[in-house]
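Reading the structure
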Amino acid sequence: MKEAIHSGEMEGAYVSAEFRKDADEYVAGDISIEELMTRTKRRWISKKKAASHGA
């Protein structure tokens, strides 16, 4: 996971602290890949809605 995050950052992607925390939980086996994806999508949708209301 650390390599994937680093690779994304090298390509210019922003990796939030929230995602890093969730990724750590996934690696530790505390959450499933499905839960990791659900949390990520939830944040993405929330930020997208917030941005559209501010426009």
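For the structure itself, look to the data block above.
Residues numbered from 1 in each chain as written. Predicted model: local features only at pLDDT ≥ 70, side-chain atom pairs only at ≥ 80, totals over all residues. Heavy atoms only, no water.

Right, let's talk about the overall build of the chain for a bit. Across its full length, the chain holds three helices and zero strands. In the chain, the order of α-helices and β-strands from amino to carboxyl end is α-α-α. Radius of gyration (C-alpha) of the chain: 13 Å, far over the 10 Å computed for a compact globule of 55 residues. Projected onto its principal axes, the C-alpha coordinates of the chain cover approximately 40 × 25 × 15 Å. The proportion of buried residues among the 55 residues of the chain is 18%. In the structure as shown, the chain presents an accessible area of about 4500 Å², 58% of it carried by carbon and sulfur atoms. If you average the places of the 10 positive and of the 10 negative side-chain charges in the chain, the two averages end up 8 Å apart. (Helix = DSSP H or I, 4+ residues; strand = E, 2+ residues; numbered from the N terminus. Rg over C-alpha atoms; globule rule 2.2 N^0.38 Å. Buried < 20%, exposed > 50% of the residue type's maximum accessible area, 1.4 Å probe, protein only. Areas by Shrake-Rupley, 256 points an atom, 1.4 Å probe, with all protein chains shown as cover. Lys, Arg positive; Asp, Glu negative; His and termini not counted. Charge placed at Lys NZ, Arg CZ, Asp CG, Glu CD.)

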